[in-house]
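Residue strings, one per chain:
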Amino acid sequence: MVLAQLGGSISRALQQMSNATIIDEKVLNDCLNEITRALLQADVQFKLVRDMQTNIKKIVNLDDLAAGHNKRKIIQQAIFNELCKILDPGKLAFTLKKGKPSVVMFVGLQGSGKTTRCTKYAYYHQKKGWKPALVCADTFRAGAFDQLKQNATKAKIPFYGRKSSSKCVEVVVIPKSDPVRIAVEGVERFKKENCDLIIVDTSGRHKQEAALFEEMRQVSEATKPDLVIFVMDSSIGQAAFDQAQAFKQSVAVGAVIVTKMDGHAKGGGALSAVAATKSPVIFIGTGEHMDEFEVFDVKPFVSRLLGMGDWSGFMDKIHEVVPMDQQPELLQKLSEGTFTLRIMYEQFQNILKMGPIGQVFSMLPGFSQELMPQGREKESQAKIKRYMTMMDSMTNEELDSSNPKLMNESRIMRIARGCGRPVRDVVDMLEEYKRLAKVWGKMKGLKIPKKGEMSALSRNMNA
Ligand code: GDP
């Protein structure tokens, strides 16, 4: 996965710098060269990378930094800020209001992941209490109708298109291939039904061509969307700049979704190129499944890239999936910093519930690379289940103790016999526990955030 590769290289470079006894010019240059290489490999534009390097060197003037300054922190902060600058378009996406009917039009080339993303976007908002509806105005690609209808039915989202037989869908027969008419009728219908998020999927073509842009313009004029979302495949890297510009010149693109960030090495280039067109990226697609769709926010994203975790995203996930009555207790435990095997067990339970486990882990510093390598989620999930089976053979005293010395040889042998696993597996699990306990320990003294304080928390934790 692109982010894992890029993030891995960048955090390795930072780690090497942290391990150096003295931070001098050479150590700083080595670190910056490593980061430069990683960014260029991810297809980030050369000029952006070069400017980043120059800016960091200007900020981090080692000669001027008096003794006592934490040079590592200053360098890390400068790298963080410069990466944010590369990805920040300096413009926010238009915010839609829940309860007020809004029309959102999806545009993009064929195969970019537009139709898949429409449902994910609808589903994401549905979970947050919106009343979304889907309209299929893609009359160009055979199969788009069935695909969207199927997805809509699965997610129980009202759907409107050219023909239908599904239960959750109205039966509508419209003269063939009139995307503008289909779009208008769908929007009118769902406005009457008080849907507050009416999503119109439009046709794509294999390449940017006049017919595609003309059709987009007509649908846009007829439906007057509150927001036009341009969906693009990240595999084109920095060529995303031209593509995003071309779409922006034809319709009023207000936000971008960059897809397939799971499969291509050029994702970093695509994201920075889109930012350069002053278009805010609002989501990234990280896989084909419904949940593999993440809100894109520059600071937490860079924070994850640097291996510092994404506490705001993690807290959001906690609010989303941990039952309300269990949240205060979990946050309390986090702030105490004491990590017992029982807490690890409960966290594994939560993580298994949180859906795509890779997403959740990548938000936590320390968890992501070791226990949860990107792209190997299934194996990691199996590993977690295995650990939990072993923990089922532990006594309450063992589960509730935070003293690693308690787990002596005879206890380890007994647990191995109890769960029917080799002793080395139990040892392995206890090693993992010690590693996670160290990460957890960093959260000691954590100020439990109220909603809206997430980014402040993120900054504190990353400092
Ligand atoms: P459209 O022609 O733009 O409507 O594209 P589709 O939504 O039909 O997607 C094209 C293909 O890309 C399908 O096979 C999707 O399952 C796949 N796809 C879409 N988004 C992603 C993503 O984020 N990651 C991966 N790996 N595949 C994706």
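Residues numbered from 1 in each chain as written. Predicted model: local features only at pLDDT ≥ 70, side-chain atom pairs only at ≥ 80, totals over all residues.

Going by an unreviewed UniProt entry, the chain carries the name Signal recognition particle 54 kDa protein and comes from Buddleja alternifolia. As stated in UniProt under Subunit (unreviewed entry), the record for the chain gives "Component of a signal recognition particle (SRP) complex that consists of a 7SL RNA molecule of 300 nucleotides and six protein subunits: SRP72, SRP68, SRP54, SRP19, SRP14 and SRP9." The chain has a UniProt comment under Catalytic activity (unreviewed entry) that states "GTP + H2O = GDP + phosphate + H(+)". (UniProt positions renumbered as here; feature names shortened; annotations may be inferred.)

> Explain the overall build of the chain to me, and be specific about the residues and the numbers.
Looking only at helices and strands, the chain features 21 helices and eight strands. Of all 463 residues assigned to the chain, the portion counted as buried reaches 41%. Sequence separation of 24 or more characterises 73% of the internal contacts of the chain that already satisfy a separation of 6 or more. (Helix = DSSP H or I, 4+ residues; strand = E, 2+ residues; numbered from the N terminus. Buried ≥ 20, exposed ≤ 12 C-beta atoms within 10 Å, placed from the backbone. Contact = placed C-beta atoms within 7 Å.)

> Describe the site of the ligand, and please don't skip the residues or the numbers.
If you check the shell around the ligand, you find 18 residues, and the closest are Gly113, Lys114, Thr115, Thr116 and Gly285. Top element by residues in the shell around the ligand is helix H5 (residues 114–127). It accounts for three residues. Taken together, the residues of the shell around the ligand sort by class into no nonpolar, 13 polar and five charged. (Near = placed C-beta within 6 Å. Nonpolar A, V, L, I, M, F, W, Y, C, P; charged D, E, K, R; others polar.)

> Let's hear about the sheet that holds strand E8 (residues 293–295): which residues, and what values?
Here we have eight strands laid out as an open sheet, ordered E3-E2-E4-E1-E5-E6-E7-E8, and mixed in their pairing. Since the sheet does not close on itself, it has two edges, and those belong to strand E3 (159–160) and E8, each with one partner. Direction of pairing for strand E7 (residues 281–285) relative to E8: antiparallel, over a ladder of three bridges. Residue Ile284 lies in a different strand from E8, and its bridge partner there is Glu294. Seen against the sheet, helix H6 (residues 144–154) touches strand E2 (132–137), E3 and strand E4 (197–202) and runs at an angle of roughly 170 degrees to E2. (Pairing = 2+ DSSP bridges. Axes fitted to C-alpha atoms, helices over the stretch in contact; angles between N-to-C directions.)

> Break down the packing of H5 against H6 for me, with residues and values.
A pair of packed helices can be characterised by two numbers: the angle between their axes and the separation between those axes. The geometry of H5 relative to H6 is characterised by a closest axis approach of 10 Å and an angle of 20 degrees between their N-to-C directions. Taken together, H5 and H6 sit at an angle that is classed as roughly parallel. The interaxial crossing formed by H5 with H6 has right-handed handedness. The residues of H6 that touch H5, namely those facing Thr115, Cys118 and Thr119, are Ala144, Gln147, Leu148, Asn151 and Ala152. Tallied by class, residues from the contact of H5 with H6 come to four nonpolar, four polar and no charged. (Parallel < 35°, antiparallel > 145°, perpendicular 65-115°, else oblique. Left-handed = near helix turned anticlockwise from the far one by under 90°.)

> Account for the nonpolar core, with residues named and values stated.
Residues Leu134, Val135, Ile199 and Val200 are the most contacted members of the largest nonpolar core, which totals 86 residues. Here this core spans two domains, and each of domain 1 (2–87) and domain 2 (102–304) adds at least three residues to it. The residues contacting Ile199, other than those within four sequence positions of it, are Val104, Phe106, Cys118, Tyr121, Ala122, Pro132, Ala133, Leu134 and Val135. Membership of the second largest hydrophobic core comes to 17 residues, among which are Phe348, Ile351, Met390 and Met391. (Core = buried A, V, L, I, M, F, W, Y, C linked by C-beta atoms within 7 Å. Domains from an automatic or database assignment.)

> Mind laying out the environment of Gly99, listing which residues take part and the relevant values?
Among the secondary structure elements, Gly99 is positioned in the loop between helix H4 (71–87) and strand E1 (102–108). Gly99 sits in the exposed class, given 10 other C-beta atoms within 10 Å. Separated by 96 residues in sequence, Gly99 and Cys195 place their C-alpha atoms 7.9 Å apart.

> Lay out the environment of Ile343 in plain terms, naming residues and giving numbers.
Relative to the assigned elements, Ile343 resides in helix H14 (residues 341–353). Under the C-beta neighbour-count criterion, Ile343 is labelled buried, with 21 such atoms within 10 Å. Remark: the alpha-carbon pair of Ile343 and Lys333, spanning 10 residues in sequence, is separated by 8.2 Å.

> Tell me what's going on with the UniProt feature "domain: SRP54-type proteins GTP-binding" (unreviewed entry) in the chain, and back it up with residues and numbers.
Mapped onto this structure's residue numbering, the UniProt feature "domain: SRP54-type proteins GTP-binding" (unreviewed entry) falls at residues 280–293. Each end of residues 280–293 is marked by a C-alpha atom, and these two atoms are 16 Å apart; helix forms 0% of the span and strand 43%.

> Explain unusual backbone geometry residue by residue, including any values.
When glycine is set aside, most residues are seen to have a negative phi, and most peptide bonds are trans. The phi dihedral of Lys156 is positive, around 55 degrees, even though this residue is not glycine. One can find Lys156 in the loop between H6 and E3.

> Residue-level account of the pairing of strand E5 (residues 227–233), with values.
The buried fraction of E5 is high, at seven of seven residues. Residues Leu227, Ile229, Val231 and Asp233 of E5 are buried on one face, and the alternating residues Val228, Phe230 and Met232, pointing to the opposite face, are buried as well. Relative to E5, E1 runs parallel, the two being bridged by five bridges. Across the sheet, Gly108 pairs through a bridge with Val231, a residue of E5. The sheet contact formed by E5 and strand E6 (residues 253–259) spans six bridges and is parallel. Bridged to Asp233 within E6 is Thr259. Following the chain from E5 across helix H9 (residues 240–250) to the adjacent parallel E6, one finds a crossover that is right-handed. (Right-handed = clockwise from strand over helix to strand, strands pointing away.)

> I'd like a rundown of helix H8 (residues 210–223), residues and numbers included.
Taking 1.5 Å of rise per residue, the 14 residues of H8 would be expected to cover 20 Å, and the 20 Å separating its terminal C-alpha atoms lies within 8% of that figure. Of all the positions in H8, only Leu212, Glu215, Met216, Val219, Ser220 and Thr223 are classed as buried. Along the axis of H8, the buried residues cluster in a sector spanning 135 degrees; they form a single face. Exposed side chains of H8 directed beyond 90 degrees from the buried face belong to Ala210, Ala211, Glu214 and Glu221. Of the surrounding secondary structure, the elements contacted by the buried residues of H8 are E1, E2, helix H7 (179–192), E4, E5 and H9. The first or second residue beyond H8 is Lys224, which carries a positive phi of 45 degrees. (Expected span 1.5 Å × (residues − 1). Arc of directions from axis to C-beta.)

> Explain H9 to me, using residue names and the numbers behind them.
Within H9, burial applies to Ala240, Gln243, Ala244 and Phe247. The buried side chains of H9 occupy one side of the element, clustering within an arc of 95 degrees when seen end-on. If you follow the buried residues of H9, they end up packed against E1, E5, E6 and helix H10 (267–276).

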